[in-house]
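Topology and contacts: notes
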Amino acid sequence: MEFFERFAIPHPSPAIYASMVAIGLTVIAIIAGLTYFKKWGYLWREWLTTVDHKRIGIMYLISALLMLFRGGADAIMMRAQLSMPENKLLDAQHYNEIFTTHGVVMIMFMAMPFIMALMNFVVPLQIGARDVAFPRLNALSFWLFFMGAMLFNISFVIGGSPDAGWTSYFPLAGTEFSESVGTNYYMIALQIAGIGTLATGINFMTTILKMRAPGMTLMKMPMFTWSAFITNIIIVFAFPVLTVALAMGTLDRLFASNFFTTNNGGMDMLWANLFWVWGHPEVYILVLPAFGIYSEIISTFARRNLYGYKSMVASMVIISLLSFLVWVHHFFTMGQGAFVNSIFSITTMAIAVPTGVKIFNWLFTLWKGKIVITTPMLYSLLFIPLFTIGGVTGVMLGMSAADYQYHNTMFLVAHFHLVIIPGVVFAMLAGLTYYWPKMFGFMLNERLGKLSAWIISISTLVAFIPMFFSGLDGQARRMYTYSEQAGFTMWNMISFVGAAGLAIGFALIVYNIYYSIRYAPRDIGSDPWDARSLEWATHSPVPEYNFAIVPNVDSTEAFWDAKKKGHKLFKGELEKIHMPNNSPIPFIMSSIFFVWGFSFVFAMWIPLIIATIGIFGCMAYQSFEKDHGRYISVEEIKETEEKLGGPTV
Amino acid sequence: MKLKSAILFLVITIATVLTGCEQLIVLDPKGPQAETQANDIIISASIMLFIVLAVFGILAYMLIKYRASKQKEDYEPPHIEGSILVESICVGIPVLIVAVLSFMSVQSNYKVEATPAGYEDKEPLVVYASSSAWKWHFSYPEEGIETVNYLYIPTDRALEFKLYSFGTISSFWIPQLGGQKYAMSDMVNTLHLAADVPGEYMGRNANFNGKGFAENTFNVTAMPQNEFDDWVEEVKDTASPITEEKFDELLEPGHLGQLTFTGTHLDFRPAPEGEHGGHNHGSSSNEDDSDEENHEVHDHEDHDHEESEHHH
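**Here's the deal with the overall build of chain B**
When helices and strands are counted, chain B shows 6 helices and 12 strands. Counting every position in chain B, which comprises 312 residues, the buried fraction comes to 42%. A sequence separation of at least 24 residues applies to 70% of the contacts in chain B between residues at least 6 apart.

Next comes the structure, spelled out in structure tokens:
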């Protein structure tokens, strides 16, 4: 009996039972639907076994959108609970689980796959490649991320969610103070997803270094590719730290080691240090690709080349270096003394300089331009003022003596939401709208798109600006309730209104997708935005091989110059194209990883050992498999190109 | 013009809200450390407001002047590479601002990490503040008394809080007297505070530590030294002594009201400093470790010179 008790929810509530039923019904509906419409084969051939970077990008995108709503539901519940003093909507335990999963889901399973989606879809197209360097590894990265996300998400119906915050600080997250399996889920699910991310880092570094089209030197790469390149370098340096920290946490929780415990020589702040040595670069892993997206969009719709290309690149390189030198600012209050705090205070504020350079370069890109305000451009233009508010409050937080007052308060919460929402989420929504026609061959409705951009921007301000004030009034973060005398009521009520506005804005995006699928015109050509870089030089939707002939590049804006100056992009004759074959291994291996993770969470050693053997079996099979890929014949290419409407330039 | 009105709305909101700032407790300091911090906050916020307005201004200018609708149909935007001069200004101004703020920040760091200015002449009152799930224990070793969840302090005298935890990491925070600092199980942190004026202040644990976190608060009452002395006398006359058994009971997870004892738990449950510190720094079971490790022990003790009475 004791064995089964661990799978029960420690403190069930009607909402959790309802979710269980909903999950069950959804799974049944998906299985029934696939069977009824005879789509199992299609799903397997075209998606589950695909190694095509575009399809992998789209799968990342769908996962990210699903997780956005999962994390958003958490957010709404939190704001609702805090909208009134002494509210009884959620109890402390439930609230603790919700803010923990909100943070983890939004950072690891929403923002990360969103940038992965855009990097996967766009980078190979921008550099004129046929796929990434290691297509099969790319599929493995996606499926590991996906299985990690699923494992994390079942926690709230099987065994209980983690409840020690998304930062999961030990010793609170240790077995001494968190007995349920919740934090095991955190450790193992992030580990599995993290391996996937690390593989992506290696994959994209290699792709960008080795697979650029002829003529595209590093300093002729589009800015998004530059940002992706630097991001992936940061990933390769930062993620191993997370891997090690999670492994140590797992050892502490499941094998009674004492890295982070309160006794036997454990060090409580060791986890916090390791976590933020990864965690701060992680912020830049999210925000640099977003900056790349903005650079593309702002230059496209200002109808001008990006201002200060070189300083844009330099600022990203400097940001990537500084990102590893500031982690202590997450705990100025640890007691390390005035000297150490002074150093980290200065490095932290120094990041404002390269970031400021980027903001000014975007502003100067508008200068002498011919600005067209489309939905992606609207997001980018709204990003600048909102992100500036978030950014300058970051400088304020970098003042370490003052940080003793901001730390752990709603002021901090306001700051990082005003950085991440305009910085990352707006960029992803802008990127989604911008690349949608390239992905699916039709555009999202502009009126609905602009309306949702306005609603989301204004709601962001309404939701988060009040937190600066409640923070300065002494409201600590992560409090599930407060008394009426505390004086936080008004601020929190306003925040709740903003959160509701955000929900409406995001719902409108979903409606826009539905509306556009039904009504949007399909004959939009391959370059609906009059854009500047190579991804727009091929058809929409993009054929499997990306470019019939590999493009020849001799400027930073290859496609624009081809359109305006008559540079010839596609030289030479059609030749047969070598493409990688689909493979079931990434999907199967990741599924086994799911079983491995689940067994690990519940310390079921026999299934764990069997799954481990399965994983190594997959790797062995993969190593000995002889697969030389396949060729697409010239006739087939001609046929496809004809069907897609002939040459684009 | 939607954007303009949005910006206007924003500026008005910020202005109205800022005028109401005096009521925010962090900006209503009652001690020198909190005052240093409030000054930093106000000055940095003002400089930042200037930057925000500059960015908003440039953005508005670009949008108004270079909208496609404002331009001739056949206008072709020029190709402009960067300009060394413009970009140097974009680097130079932020560098200057960051330099000014860094200077302020470093100066304040040394202020908040030392006995508050103007209080150096009097011997500070040492209070051991330790956290357990979800309470605060305050031991006054010189006075020989201990309280739970409330703190009496004298005004016009420096306070030295020795912070540690009986479990998770907590953060000791009295916003109106000064910013917070962590209380951890394996070491003792020192937080320097002082109260200028008598009054009641809110104190709490600011670092999330589980189910009882929201209610993990304590009351602070600052009073003149003579009233404080009277209170100490009264406690000594009326309260019962704290015993190891009683203290273990108090450590059980849960919430307690305000309690008062004579004696302190430091006698039977010393704070994790000096020879009692974590990380194996000379805990008694490790006495016969190698020389190398003993050497480390001494290094560590040198840093903790304040606690000299414990090991000399």
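Having seen it, we continue.
**Re the environment of Met59 of chain A**
All names here are of chain A. Mapped onto the secondary structure, Met59 falls in helix 4 (residues 53–82). Of the residues examined, Met59 has 22 C-beta atoms within 10 Å and is grouped as buried. Each C-alpha atom of the pair Met59 and Phe152 lies 18 Å from the other, and the pair is 93 residues apart in sequence. The contact partners of Met59, leaving out residues within four places of it in the chain, are Trp47 and Phe142.

**Quick notes on the interface of chain B and chain A**
Taken residue by residue, the interface counts 75 residues in chain B and 75 residues in chain A. Those elements that provide at least two residues to the side of chain B that touches chain A are helix 2 (32–66), helix 3 (84–112), strand 7 (178–183) and strand 9 (199–205) of chain B. Looking at which element gives the most residues to the side of chain B that touches chain A, the answer is helix 3 of chain B, with 17 residues. A per-class count over the side of chain B that touches chain A returns 42 nonpolar, 24 polar and 9 charged.

**Observations concerning the packing of helix 9 (residues 268–301) of chain A against helix 15 (residues 410–440) of chain A**
Two measures define how a pair of helices packs: the angle their axes make with one another and the distance between the axes. Residues and elements named next belong to chain A. Axis separation between helix 9 and helix 15 bottoms out at 9 Å; the angle between their running directions is 45°. With respect to helix 15, the element helix 9 is oriented oblique. Both helix 9 and helix 15 take part in a crossing whose hand is left-handed. Residue-level inspection shows Leu286, Val287, Ala290, Ile293, Tyr294 and Ile297 of helix 9 in contact with helix 15, the latter providing Gly423, Val424, Ala427, Ala430, Gly431 and Tyr434. The class makeup of the residues in the contact of helix 9 with helix 15 is 10 nonpolar, 2 polar and no charged.

**Quick word on the sheet that holds strand 7 of chain B**
Residues and elements named next belong to chain B. Strand order in the open sheet formed by 5 strands is 4-10-9-6-7, with mixed pairing between adjacent strands. The outermost strands of the open sheet, each flanked by one partner alone, are strand 4 (150–154) and strand 7. On average, adjacent strands in this sheet sit at an angle of 20° to one another, irrespective of strand direction. Sheet strands touched by helix 4 (residues 225–238): strand 4 and strand 10 (217–223). Its angle to strand 4, the strand with the most contacts, is close to 135°.

**Thoughts on the sheet that holds strand 8 (residues 189–194) of chain B**
Residues and elements named next belong to chain B. Judged by pairing direction, the sheet is mixed, and its 7 strands sit side by side in the order 8-5-1-2-3-12-11 without closing on themselves. Strands with a single pairing partner mark the edges of an open sheet, and in this sheet they are strand 8 and strand 11 (240–241). Note that strand 11 and strand 12 (residues 259–262) share 2 bridges and pair parallel. Across the sheet, residue Ser240 finds its bridge partner in strand 12, namely Phe261.

**Examining the domain arrangement of chain B**
Split by domain assignment, chain B resolves into domain 1 (11–69 + 82–112) and domain 2 (125–273). Residue classes in the side of domain 1 of chain B that touches domain 2 of chain B are distributed as 6 nonpolar, 3 polar and 2 charged.

**Digging into the confidence of the model for chain B**
All names here are of chain B. Across chain B, pLDDT averages 86, with 82% of residues at or above 70. In the predicted structure, residues 281–312 sits below a pLDDT of 50 and forms 18 contacts with residues beyond four places in sequence or in another chain. Across the whole predicted complex the pTM is 0.92, and at the interface the ipTM reaches 0.92.

**What to know about unusual backbone geometry**
For the bond running from Ser540 of chain A to Pro541 of chain A, omega is -10°, close enough to zero to count as cis. Within the element layout of this structure, Pro541 of chain A appears in the loop between helix 17 (489–519) and helix 18 (558–564). Residues Ala133 of chain B and Trp134 of chain B are joined by a peptide bond in cis, for which omega reads -5°. Locating Trp134 of chain B in the fold gives a position in the loop between strand 1 (125–132) and strand 2 (135–140). With phi around 55°, Asn264 of chain A is a residue other than glycine that occupies positive phi space.

**Here's the deal with the pairing of strand 12 of chain B**
All names here are of chain B. Alignment of strand 3 (residues 145–148) against strand 12, held across 4 bridges, turns out to be antiparallel. When the bridges of strand 12 are listed, Glu146 appears paired with Phe261. Crossover connection from strand 11 via helix 5 (residues 244–251) to parallel strand 12: handedness right-handed.

**Points about the packing of helix 9 of chain A against helix 13 (residues 375–398) of chain A**
Residues and elements named next belong to chain A. Helix 13 packs onto helix 9 with a crossing angle of 115° between their chain directions and a minimal axis gap of 9 Å. Comparing the axis directions of helix 9 and helix 13 gives the class roughly perpendicular. In the packing of helix 9 onto helix 13, the handedness of the crossing is left-handed. Residue-level inspection shows Tyr294, Ile297, Ile298 and Phe301 of helix 9 in contact with helix 13, the latter providing Pro376, Met377, Ser380 and Phe383. The residue inventory of the contact of helix 9 with helix 13, partitioned by class, reads 7 nonpolar, 1 polar and no charged.

About the cut-offs
Residues numbered from 1 in each chain as written. Chains lettered and ligands numbered in written order. Predicted model: local features only at pLDDT ≥ 70, side-chain atom pairs only at ≥ 80, totals over all residues. Helix = DSSP H or I, 4+ residues; strand = E, 2+ residues; numbered from the N terminus. Buried ≥ 20, exposed ≤ 12 C-beta atoms within 10 Å, placed from the backbone. Contact = placed C-beta atoms within 7 Å. Nonpolar A, V, L, I, M, F, W, Y, C, P; charged D, E, K, R; others polar. Axes fitted to C-alpha atoms, helices over the stretch in contact; angles between N-to-C directions. Parallel < 35°, antiparallel > 145°, perpendicular 65-115°, else oblique. Left-handed = near helix turned anticlockwise from the far one by under 90°. Pairing = 2+ DSSP bridges. Domains from an automatic or database assignment. pLDDT = per-residue confidence, 0-100. Right-handed = clockwise from strand over helix to strand, strands pointing away.

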